[in-house]
Each structure stands twice: as C-alpha cells, then as structure tokens.
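Remarks on the overall topology
Each chain, written out:
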Amino acid sequence: MTFESERALSSSPAQAPGSAELPADLISTVLASLDDSKAEDIVTIDISGKSALADHMVIVSGRSHRHVGAIADHLLRDIKDAGEGRATVEGQSTCDWVLIDTGDVIVHIFRPEVRGFYNLEKMWAVEPDEAPQYIG
C-alpha cells in the first residue's frame, strides 16, 4: 500500500454503529453535569435546522466567576469521561463567559450580568415573540 492510498483510507471518517444516538447521549451528559454543578437557568435550544455549527446549544448561568469556572471544569471532565474529549474551550481565563464546543453541543456558561447583556436565547429563538428572554 502506498503512502497516498494509506492516507486516503485513514482520512475518511469512520462511522460507529449507532452514531445517530451520540448527540442525544452527549446532551444528556452535558445536562446531567450542569445539574450536578448547580448551574442556574439552564436553557437548551435545538439548532439542528438553523445552523451547521451544532445540533444543540445550551445556555446556563453561574453565580460568580468562581462558579462559572467550576461549572466549566466539571463539564469538561464529564465530557472527557464520556469519551468526547475533543471539546474546545474559550474564555476560561476570565470566567465571565465560557464557551465549550463539543462539535454537536455548544455550551455557554455566563455570569448573570453578561448573560443578560448578550441575551443569546432571544437571538437563537425560532419566533421572536416566543423567545425565552433572560432577565437576570
């Protein structure tokens, strides 16, 4: 086998049986971890038909910088333990807004003041009148 053909074989994504169930398992893991961490005001938005970025977006609040950081650390550990260790993280140095992107699920962890300012729930709502508006 030549190097080029070996690379072509290894670059094609392998699909595990039951891979359609993976996002459901991942969102369950994420929500359980957030609940264990005492995250507040958990909102889950299904964005599978709206964006190619992910299937679900989860928006939560932490009470303080320290709580936001602890929620993020706990969630990253649980995601890794579930076998989804490929998550990328932004904002963990300041802990005002931590974004964790697993590919299928995007999690936004905010301090209440920052969450109220950006109000992502309203931006991603299906109908503007039905938008869950966060007032914190």
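Above this text you will find the structure in question.
Residues numbered from 1 in each chain as written. Predicted model: local features only at pLDDT ≥ 70, side-chain atom pairs only at ≥ 80, totals over all residues. Heavy atoms only, no water.

1. A few points about the pairing of strand S2 (residues 56–61)
Among the 6 residues of S2, 6 are classified as buried, and the element is accordingly described as predominantly covered. Burial of the side chains of S2 extends over both faces: His 56, Val 58 and Val 60 are buried on one face and Met 57, Ile 59 and Ser 61 on the other. Sheet topology note: the strand S1 (residues 40–46)/S2 ladder contains 5 bridges and is antiparallel. In the strand pairing of S2, Ile 45 is matched with Met 57. The pairing of S2 with strand S5 (residues 105–110) spans 6 bridges and is parallel. Across the sheet, His 56 pairs through a bridge with Val 105, a residue of S5. (Buried < 20%, exposed > 50% of the residue type's maximum accessible area, 1.4 Å probe, protein only. Helix = DSSP H or I, 4+ residues; strand = E, 2+ residues; numbered from the N terminus. Pairing = 2+ DSSP bridges.)

2. Regarding unusual backbone geometry
Phi is positive for Asp 41, which is not a glycine, with a value near 50°. Residue position: Asp 41 is located in strand S1. Its relative accessible area of 43% is what places Asp 41 among the partly exposed residues. The backbone of Cys 95 shows a phi angle near 60°, a positive value even though the residue is not glycine. Summarising the element assignment, Cys 95 is placed in the loop between strand S3 (88–90) and strand S4 (97–101).

3. Regarding the sheet that holds S3
Ordered in space as S1-S2-S5-S4-S3, the 5 strands form an open sheet in which the pairing is mixed. In this open sheet, the two edge strands, each paired with only one partner strand, are S1 and S3. Shown here is a sheet whose adjacent strand axes are inclined to one another by a mean of 15°, direction ignored. Strand contacts of helix H3 (residues 65–81): S2, S3, S4 and S5, with the helix running at about 10° to S4, the strand carrying the most contacts. (Axes fitted to C-alpha atoms, helices over the stretch in contact; angles between N-to-C directions. Contact = heavy atoms within 4.5 Å.)

4. Some points on the side chain of Arg 115
Structurally, Arg 115 is set in helix H4 (residues 112–118). Judged by relative accessible area, which is 1%, Arg 115 ranks as buried. Polar contacts involving the side chain of Arg 115 include one to the side chain of Glu 121, which spans 2.4 Å. (Polar contact = N/O pair within 3.5 Å; in protein donor to acceptor, adjacent residues only side chain to side chain.)

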